[in-house]
Amino acid sequence: MTLQDFARSEYVSLTTYRKNGTPVATPVWAAAEGDVLYVWTRSDSWKVKRLRNNGKVAVTVCDVRGRIAEGAPSAEGTATLLDEDGTRAARKLLARKYTWKFWLVDWPATVARLGKRPHTGIAITF
């Protein structure tokens with residue numbers, strides 16, 4: 001497994017853990033830069049709340065529905081919630097990777113929220 005396995009994949013399954021240790025997997029977009037994998041999500045999502053309690057994560061290559069193929073690359077790591085500048089940088093990386101797909105999701109949501117982007121970047125190191 002290398003970071004590039006995750007960077008090449010369109011989706012990764014990000015597994016975070018509840019306070020009682022129960023794993024919760026969610027398919028997300030991710031982009032890599034340097035030794036870090038970046039994810040971008042809504043600030044009020046449950047994964048952000050779980051990461052505030054426990055930064056331990058597992059990342060596995062998956063499809064859009066979160067289905068994991070046998071032998072898919074997987075790794076455990078530590079996730080850190082990013083500040084506003086870090087979130088902005090993660091957003092740019094994801095916009096560069098997903099181009100029109102990212103803008104198709106982000107632009108209408110920004111208009112609906114009157115220019116506000118209530119999102120949080122997540123940096124994952126392995």
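Residues numbered from 1 in each chain as written. Predicted model: local features only at pLDDT ≥ 70, side-chain atom pairs only at ≥ 80, totals over all residues. Heavy atoms only, no water.

An unreviewed UniProt entry lists the protein under the name Pyridoxamine 5'-phosphate oxidase-related protein, from Streptomyces griseus subsp. griseus.

1. Brief notes about the sheet that holds strand S4 (residues 36–42)
Judged by pairing direction, the sheet is antiparallel, and its 7 strands sit side by side in the order S2-S1-S5-S6-S7-S4-S3 without closing on themselves. Looking at which strands have only one partner, the edges of the open sheet turn out to be strand S2 (23–28) and strand S3 (31–33). Taken over all neighbouring pairs, the strand axes of this sheet differ in orientation by 35° on average, direction set aside. Bridge count for S4 against strand S7 (residues 119–125) is 7 bridges, and the pairing is antiparallel. Bridge pairing in S7 places Arg42 opposite His119. Strands strand S1 (11–17), S2, S4, strand S5 (56–62), strand S6 (74–81) and S7 of the sheet are contacted by helix H2 (residues 46–53), whose axis makes an angle of about 50° with S1. (Pairing = 2+ DSSP bridges. Helix = DSSP H or I, 4+ residues; strand = E, 2+ residues; numbered from the N terminus. Axes fitted to C-alpha atoms, helices over the stretch in contact; angles between N-to-C directions. Contact = heavy atoms within 4.5 Å.)

2. Comments concerning the pattern of salt bridges
Evaluation of the coordinates by the stated rule reveals 5 salt bridges. Close ionic contact of Glu84 with Arg88 constitutes a salt bridge, the shortest N to O distance being 3.1 Å. Here Glu84 pairs with Arg88, and both are found in helix H3 (residues 84–112), just 4 residues apart, close to one helical turn. Judged by its relative accessible area of 61%, Glu84 is exposed. The exposure class assigned to Arg88 is partly exposed, which follows from its relative accessible area of 40%. Within this structure, Glu84, Asp85 and Arg88 form a network of salt bridges that share partners. (Salt bridge = Lys/Arg side-chain N within 4 Å of Asp/Glu carboxyl O. Buried < 20%, exposed > 50% of the residue type's maximum accessible area, 1.4 Å probe, protein only.)

3. Some details on the packing of aromatic side chains
Within this structure, the stated rule accounts for 3 aromatic pairs. Measuring from centroid to centroid gives 5.4 Å for Phe6 and Phe126, while their planes differ by 20°, and the two rings are stacked. Of this pair, Phe6 sits in helix H1 (residues 3–8) while Phe126 sits in the segment after S7, placing them 120 residues apart in sequence. Residue classification places Phe6 among the buried positions, given a relative accessible area of 0%. (Phe/Tyr/Trp six-rings, centres within 6.5 Å; stacked < 30°, edge-to-face > 60°.)

4. Section: the pairing of S2
For a regular strand, the rule is simple: side chains alternate between the two faces of the sheet. In this sheet, S2 lies alongside S1 in antiparallel orientation, the contact comprising 6 bridges. Bridging across to S2, Thr16 finds its partner in Val24. In sequence, S1 turns back onto S2 through a hairpin of 5 residues, with Gly21 there showing a positive phi of about 95°.

5. Describing the nonpolar core
Across soluble globular proteins, nonpolar side chains show a tendency to be buried alongside one another. Counting residues in hydrophobic clusters, the biggest one holds 16 residues, and the most contacted among them are Phe6, Leu37, Val57, Val59 and Ile124. At the level of secondary structure, the elements contributing two or more residues to this core comprise H1, S1, S4, S5, S6 and S7. Here this core takes 3 residues from S5, the largest share from any one element. What Val59 contacts, discounting residues up to four positions off in sequence, is Phe6, Val12, Ser13, Leu14, Leu37, Pro73, Ser74, Ala75, Ile124 and Phe126. Within the second largest apolar cluster, 12 residues are counted, among which are Tyr11, Ala31, Tyr38 and Ala123. (Core = buried A, V, L, I, M, F, W, Y, C linked by side-chain atoms within 4.5 Å.)

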